[in-house]
Amino acid sequence: MSGETETFSFEKPIPSLWRKSVCGILRAGVNDSIFTTFQADRDWAAAFPDAWDYDRFDAIIRALEAKEAGGRQIMDMDEDGETYAFWFHFRGKKIYGKINLLPNRKMIILYSSHTPRKGEENL
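All residue numbers refer to positions counted from 1 along the written sequence of the respective chain. Side-chain atom pairs in this predicted model are given and counted only at pLDDT of 80 or more, local residue features only at pLDDT of at least 70, and totals for whole chains, interfaces and linings cover all residues. In computing side-chain properties, one takes all heavy atoms of the structure into account and sets aside hydrogens as well as water.

Student: How should I be thinking about the nonpolar core in this particular structure?
Tutor: For soluble globular proteins, nonpolar side chains are generally found buried alongside one another. Take the buried residues of types Ala, Val, Leu, Ile, Met, Phe, Trp, Tyr and Cys, join any two whose side-chain atoms come within 4.5 Å, and each joined set is a nonpolar core. Whether a residue is buried, partly exposed or exposed follows from its accessible area with a 1.4 Å probe, protein chains only, as a fraction of its type maximum: under 20%, in between, or over 50%, in that order. Core analysis: the biggest nonpolar cluster contains 25 residues, and W18, L26 and I99 have the highest contact counts within it. Mapped onto this core, the elements with two or more residues apiece are α1 (16–28), α3 (53–65), β4 (82–90), β5 (93–101) and β6 (108–114). It only takes one pair of heavy atoms within 4.5 Å for two residues to be counted as in contact. Each residue touching I99, except ones within four places of it in the same chain, is listed here: W18, V22, L26, I60, E82, T83, Y84, F86, I108, I109 and L110. Working definition: helices are DSSP H or I runs of at least four residues, strands are E runs of at least two. Numbering for both runs from the N terminus.

Okay, structure coming up:
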């Protein structure tokens, strides 16, 4: 297995419609459609100080466009929407991502983009 699209037995396939919507929003790169938490931005900058937001978005898109993209649905977020946690890779590092697709399906909240904190087996 290449590591770029690895999944674990507790992961479930992320719905195609969710993945397509999120990837479309990230690809468009419109600031009013992509909200990132302060913590997500800080974690990303700490791990990759010379990387840009588009680098992060491109890495997420590559992971979510994989046919076998898997993750875990997160049901306890404060904001309405459909949230999934998943792994993606950037510069050879495994990164934990968590994104909420808001009910209008035109905006996302990027909650997490950091190296694993609870091991690489658990989303």
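Student: Explain unusual backbone geometry to me, please; I cannot follow it from the model alone.
Tutor: Glycine aside, residues mostly have negative phi angles, and peptide bonds mostly take the trans form. With phi around 50 degrees, R91 is a residue other than glycine that occupies positive phi space. Summarising the element assignment, R91 is placed in the loop between β4 and β5. Here the phi dihedral of R105 falls at roughly 60 degrees; this positive angle occurs in a residue that is not glycine. Within the secondary structure, R105 is located in the loop between β5 and β6. Given a relative accessible area of 32%, R105 falls into the partly exposed group.

On their own, these measurements won't tell you what the molecule is for.
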